[in-house]
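Residue-level listing of the chains:
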Amino acid sequence: MKNTDKVVENPPVVFDKKKNMFIPQPTRFWILDKELRRKISKLEEKGWIKKWEDRITEDEDLFNLFVSLHKKEIEKRKKFLKEKKYPEYVIKKLLYTGIGGIENYDKKPFKVKCLHLWTAYHLADPEFENPIGEWVLEEIKKL
């Protein structure tokens, strides 16, 4: 399900001219639609980040699915990083953190970080469709 009118894809690295340095961008997809962002924030306010963290931590299949999504994103970053030489801090950030810059993404308890990022990935790339994004899109219909 590709929804490019609702999300934008950023490159994994941008150059900040003011700071004269490369900035790693561990979140590739961002939600553009303000109303969608607002509704997702309402779900977060109701404690759904913690509920999803608990659910994923307790369910080994879900946990393995989300770990695999993080690893898939790192593989995509590896391909991008081969195109140009980047400083070590950029490489370290992009190869050793998961989606959204989540550290220890393969350890329990699982860290969701936010519902927005999982929904953005779900909408933007069929390879990253996931239960959080699917659930969020169903729930916001009720808001």
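Since the structure is predicted, the reported quantities are computational estimates derived from the model, not experimental observations. (Residues numbered from 1 in each chain as written. Predicted model: local features only at pLDDT ≥ 70, side-chain atom pairs only at ≥ 80, totals over all residues. Heavy atoms only, no water.)

Participant: How should the packing of helix 2 (residues 48-58) against helix 3 (residues 60-81) be read in this particular structure?
Facilitator: The geometry of a pair of packed helices is captured by two quantities: the angle between their axes and the separation between those axes. Relative orientation of the contacting elements helix 2 and helix 3 amounts to 105 degrees, with a least axis distance of 5 Å. With respect to each other, helix 2 and helix 3 are oriented roughly perpendicular. Contacts from Trp-52, Arg-55, Ile-56 and Glu-58 of helix 2 reach helix 3 at Glu-60, Leu-62, Phe-63 and Phe-66. Taken together, the residues of the contact of helix 2 with helix 3 break down into 5 nonpolar, no polar and 3 charged. (Axes fitted to C-alpha atoms, helices over the stretch in contact; angles between N-to-C directions. Helix = DSSP H or I, 4+ residues; strand = E, 2+ residues; numbered from the N terminus. Parallel < 35°, antiparallel > 145°, perpendicular 65-115°, else oblique. Contact = heavy atoms within 4.5 Å. Nonpolar A, V, L, I, M, F, W, Y, C, P; charged D, E, K, R; others polar.)

Participant: Can you help me understand the packing of helix 5 (residues 115-124) against helix 6 (residues 131-139) in this one?
Facilitator: In contact at an axis separation of 8 Å, helix 5 and helix 6 are set at 95 degrees when each is read in the N-to-C sense. Viewed along their axes, helix 5 and helix 6 adopt a mutual orientation that is roughly perpendicular. Across from Leu-115, Trp-118, Thr-119, His-122 and Leu-123 in helix 5, the residues of helix 6 making contact are Ile-132, Gly-133, Glu-134, Trp-135, Val-136 and Leu-137. Looking at the contact of helix 5 with helix 6 residue by residue, the class counts come to 7 nonpolar, 3 polar and 1 charged.

Participant: I keep staring at the environment of Leu-95 and nothing clicks. Help me out?
Facilitator: With respect to the helices and strands, the residue Leu-95 is situated in helix 4 (residues 88-96). Looking at Leu-95, the relative accessible area reads 22%, which means it is partly exposed. Ignoring sequence-local partners within four residues, the contact set of Leu-95 consists of Ile-74, Lys-78 and Leu-81. (Buried < 20%, exposed > 50% of the residue type's maximum accessible area, 1.4 Å probe, protein only.)

Participant: How should unusual backbone geometry be read in this particular structure?
Facilitator: As a rule of thumb, non-glycine residues mostly have phi less than zero, and peptide bonds are mostly trans rather than cis. A cis amide bond links Lys-108 with the next residue in sequence, Pro-109, at an omega value of 0 degrees. With respect to the secondary-structure elements, Pro-109 resides in the loop between helix 4 and helix 5. Positioned with a positive phi, Asn-104 is a non-glycine residue whose angle comes to about 50 degrees. With respect to the helices, strands and loops of the structure, Asn-104 is situated in the loop between helix 4 and helix 5. In this model, Lys-113 sits at a positive phi of 75 degrees, which is unusual for a non-glycine residue.

Participant: What's the story with the pairing of strand 3 (residues 21-24) in this structure? I'm lost.
Facilitator: Note on strand geometry: in a regular strand, side chains alternate between the two faces of the sheet. Side chains of strand 3 alternate between two faces, with Phe-22 and Pro-24 buried and Met-21 and Ile-23 left unburied. In this sheet, strand 3 lies alongside strand 2 (residues 13-16) in antiparallel orientation, the contact comprising 4 bridges. Counterpart to Asp-16 in the pairing with strand 3 is Met-21. (Pairing = 2+ DSSP bridges.)

Participant: Even after reading the chapter, I still don't get the packing of aromatic side chains, so can you show me in this structure?
Facilitator: We describe a pair of aromatic rings using the distance from one ring centre to the other and the angle between the two ring planes. Taken as a whole, this structure holds 10 aromatic pairs when the rule is applied. Geometrically, the ring pair formed by Phe-29 and Tyr-121 is edge-to-face, given 4.9 Å between the ring centres and 85 degrees between the ring planes. Taken together, the residues Phe-29 in strand 4 (residues 29-31) and Tyr-121 in helix 5 connect sequence positions 92 residues apart. For Tyr-121, a relative accessible area of 0% corresponds to the buried category. A centroid spacing of 6.0 Å and a plane angle of 65 degrees characterise the contact between Trp-52 and Trp-135, whose relative ring orientation is edge-to-face. (Phe/Tyr/Trp six-rings, centres within 6.5 Å; stacked < 30°, edge-to-face > 60°.)

All we've got here are geometric facts, nothing functional implied.
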